[in-house]
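# Coordinate analysis (summary)
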Amino acid sequence: MKVMRIEGNHKLSGTIKISGAKNSSVALLPASLLADSDVTICNVPEITDTDVLCQTLEYLGADVRRASESVVITPNTITNKVIPQEYTSKLRASYYFMGALLGKLKHVEIYLPGGCSIGARPINLHLKGFEALGATITNDGDKFIVDAKELKGAHIYLDIASVGATINIMLAAVLAKGKTIIDNAAKEPEIVNIATFLNNMGAKITGAGTSEIRIVGVEKLEGCYHEVIPDRIETGTYLIIGALVGDQLKVYNVIPEHIESLTSKLEEMGSNLEIGSDYITISAKDKYLPAEIKTLSYPGFPTDLQQPFSVLLSKCEGVSKVEETIWENRFMHLKELEKMGMKIERNGMVATFTGPNKLVGTEVQATDLRAGAALVAAGLAADGVTTISNIEHILRGYEGIVEKLTDVGAKIKIEEI
Ligand code: EPU
């Protein structure tokens, strides 16, 4: 078993380069199948989630060449094969093969997607979108069979502004006949990044980044060159670490406006940030003002930063509150943080933190990706040694986390025990 061991309470200074966004890359890789010629995607993070998607592309018959952070995909050799659980159980985003293969081949057979256990994670809105475009969906045990004679544009209203459903419907609709409108679409920067990619391939999408996305179907898509946007959640995670133990810690290759919900909260709490055009520098303070956050879809406070942010509340004098509104099971880190010395009370989806608390290293468990990131942040700020188990969750989403933190002065390593 691999564990992460952190000797805490060392100041971190220097620079951390932010990688390409996981949640963009995991959609761009399946989306590449829609093209009829070579696609080059640059700035793809080397994390296990993107590894699995590259392996799935190869399984389907695509040629995938990876050189560091660039991935070149030759998609025109793909064949229609059932995508087995072996690939889909490892991450949620395997469901983007549904939209991409439906769009391209009008037929897909795929097992239920896996991913972090942070809630029920239904895909009813994805399926509703496919059906509106003319597909029929059948279940054979855990396998979904999505089939269409042809796909026709439709007006689709999403009951919830779902990131996954918005992207999956875009993927299926770009090659459909006629016009599709996605109403109450999600507005996350990753959606804009995927729409730009599809448009670079020849798609006609407007409105990405607003709640109404319009797509005019085209006959075919060609390969292109595309760059993944910087990971706003990785950016936020390192800024939170900087607020805990930074000494002029500079996080660069970032798009500051993508992370404004966090930076404005940090400023409100008393943090001093220097925000440049593509970097943010932060130093830790001994204490902060208490804070309240409520997770919301973009541009609200991201649920993916709720868990790491909770750790910072250990430095707040008084009572702070966190309300989670997206995932019903995203409070699993709280028990681990209590073990490390935080005083937390949970009432449904609201957690109340009373600080300040001295964090103390101990043995903790990463229950999911962002819970893992929270424990890394806590370990870096704690007295003594923190040992985190189940670190495969962390390695799914943070490229080179040990190297990046070591480079700025952290005492952190992965050990086989
Ligand atoms: N929902 C439905 N039906 C659906 C789809 C979603 O009820 O068909 C509900 C979900 O249960 C949830 C809400 O809608 O309560 C929002 O879910 P959404 O579809 O937006 O989430 P997702 O696409 O499954 C992506 C990210 C998550 C991130 C959420 C919210 C990827 C691969 N995952 O998930 O990232 O938390 O958007 O921003 O892009 C992470 O990176 O740690 C992570 C979990």
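Residues numbered from 1 in each chain as written. Predicted model: local features only at pLDDT ≥ 70, side-chain atom pairs only at ≥ 80, totals over all residues. Heavy atoms only, no water.

In this section: unusual backbone geometry. With omega at 5°, the peptide bond leading from Tyr 298 into Pro 299 counts as cis. Residue placement: Pro 299 occurs in the loop between strand E17 (292–294) and helix H10 (303–312). Backbone torsion omega between Gly 355 and Pro 356 reads 5°, so that peptide bond is classified as cis. As for its position among the elements, Pro 356 is in the loop between strand E20 (350–355) and strand E21 (363–365). The phi dihedral of Lys 106 is positive, around 65°, even though this residue is not glycine. Along the chain, Lys 106 falls in the loop between helix H4 (96–105) and strand E6 (107–111). (Helix = DSSP H or I, 4+ residues; strand = E, 2+ residues; numbered from the N terminus.)

When its domains are assigned, the protein chain resolves into domain 1 (2–18 + 230–416) and domain 2 (22–227). A separation of 30 Å is found between the C-alpha centroids of domain 1 and domain 2. Together, the buried faces of domain 1 and domain 2 total about 1800 Å²; carbon and sulfur atoms form 49% of this surface. At the junction of domain 1 and domain 2, the tally comes to 2 salt bridges. Taking the shortest distance from any N to any O, the salt bridge between Asp 49 and Arg 396 comes out at 2.8 Å. For the side of domain 1 that touches domain 2, a count of residues per class yields 6 nonpolar, 5 polar and 9 charged. (Domains from an automatic or database assignment. Buried area = accessible area lost by both parts, 1.4 Å probe. Salt bridge = Lys/Arg side-chain N within 4 Å of Asp/Glu carboxyl O. Nonpolar A, V, L, I, M, F, W, Y, C, P; charged D, E, K, R; others polar.)

Turning our attention to the pattern of salt bridges. Where charged atoms from two side chains of opposite charge come close, those side chains can pair. If you walk through the whole model with that rule in mind, you get 20 salt bridges. Here Glu 415 ties to Arg 5 by a salt bridge, and the two come within 2.6 Å at their closest N and O atoms. Taken together, the residues span a long stretch of sequence, with Glu 415 in strand E23 (residues 411–416) and Arg 5 in strand E1 (residues 2–7) at a distance of 410 residues. Lys 220 is the salt-bridge partner of Glu 222, the closest N and O atoms lying 2.8 Å from each other. When its relative accessible area of 35% is taken as the criterion, Glu 222 is described as partly exposed. Assessed through its relative accessible area of 46%, Lys 220 is described here as partly exposed. (Buried < 20%, exposed > 50% of the residue type's maximum accessible area, 1.4 Å probe, protein only.)

Another point: the packing of H10 against helix H12 (residues 369–381). Here H10 crosses H12 at 20°, and the two axes come no closer than 8 Å. With respect to their mutual orientation, H10 and H12 come out roughly parallel. Between H10 and H12 the crossing geometry is right-handed. Here Asp 304, Gln 307, Pro 308 and Val 311 of H10 lie close against H12, whose contacting residues are Arg 370, Ala 371, Ala 373, Ala 374, Ala 377 and Ala 378. Within the contact of H10 with H12, the residues separate by chemical class into 7 nonpolar, 1 polar and 2 charged. (Axes fitted to C-alpha atoms, helices over the stretch in contact; angles between N-to-C directions. Parallel < 35°, antiparallel > 145°, perpendicular 65-115°, else oblique. Left-handed = near helix turned anticlockwise from the far one by under 90°. Contact = heavy atoms within 4.5 Å.)

All right, on to the packing of aromatic side chains then. Tallied over the entire structure, the rule returns 3 aromatic pairs. Measuring from ring centre to ring centre gives 5.0 Å for Tyr 59 and Tyr 87, while their planes differ by 40°; the resulting arrangement is tilted. Placement of the pair is Tyr 59 in helix H2 (residues 48–59) and Tyr 87 in helix H3 (residues 85–88), with a sequence separation of 28 residues. Ring geometry for Tyr 95 versus Tyr 96: centroids 5.0 Å apart, planes at 85°, classification edge-to-face. (Phe/Tyr/Trp six-rings, centres within 6.5 Å; stacked < 30°, edge-to-face > 60°.)

Right, let's talk about the nonpolar core for a bit. In terms of nonpolar packing, the biggest core is built from 77 residues, with Met 170 and Leu 198 touching the most fellow members. With 7 residues, helix H6 (residues 163–173) is the largest single contributor of residues to this core. Met 170 has contacts with Ile 182, Ile 191, Ile 194, Ala 195, Leu 198, Ile 205, Ile 213 and Ile 215, leaving out every residue within four places of it along the chain. Grouped together as the second largest cluster of nonpolar side chains are 67 residues, Leu 262, Cys 316, Leu 380 and Val 408 included. (Core = buried A, V, L, I, M, F, W, Y, C linked by side-chain atoms within 4.5 Å.)

Below, the discussion takes up helix H5 (residues 124–132). Those residues of H5 not exposed but buried are Leu 125, His 126, Leu 127, Gly 129 and Phe 130. Taken together, the buried residues of H5 touch H4, strand E7 (136–140), strand E8 (143–147), strand E9 (155–157) and H6. Among the residues trailing H5, Gly 134 stands out with phi positive, at a value near 110°.

Moving on: the side chain of Thr 295. Inspection of the secondary structure assignment puts Thr 295 in the loop between E17 and H10. Owing to a relative accessible area of 0%, Thr 295 belongs among the buried residues under this scheme.

So, about the site of the ligand. Lining the immediate surroundings of the ligand are 22 residues, of which Asn 124, Ser 162, Asp 304, Ile 326 and Arg 370 lie closest. Taking Gly 164, its main chain carries an N or O atom lying 2.8 Å from an oxygen atom of the ligand. Here an oxygen atom of the ligand sits 2.9 Å away from a polar atom, N or O, in the side chain of Trp 327. When the ligand sits alone it has 830 Å² of accessible area, and the protein chains cover 89% of it. A class-by-class count of the residues in the shell around the ligand yields 11 nonpolar, 6 polar and 5 charged. Looking at which domains feed residues into the shell around the ligand, each of domain 1 (2–18 + 230–416) and domain 2 (22–227) gives three or more. (Near = heavy atom within 4 Å. Polar contact = N/O pair within 3.5 Å; in protein donor to acceptor, adjacent residues only side chain to side chain. Areas by Shrake-Rupley, 256 points an atom, 1.4 Å probe, with all protein chains shown as cover.)

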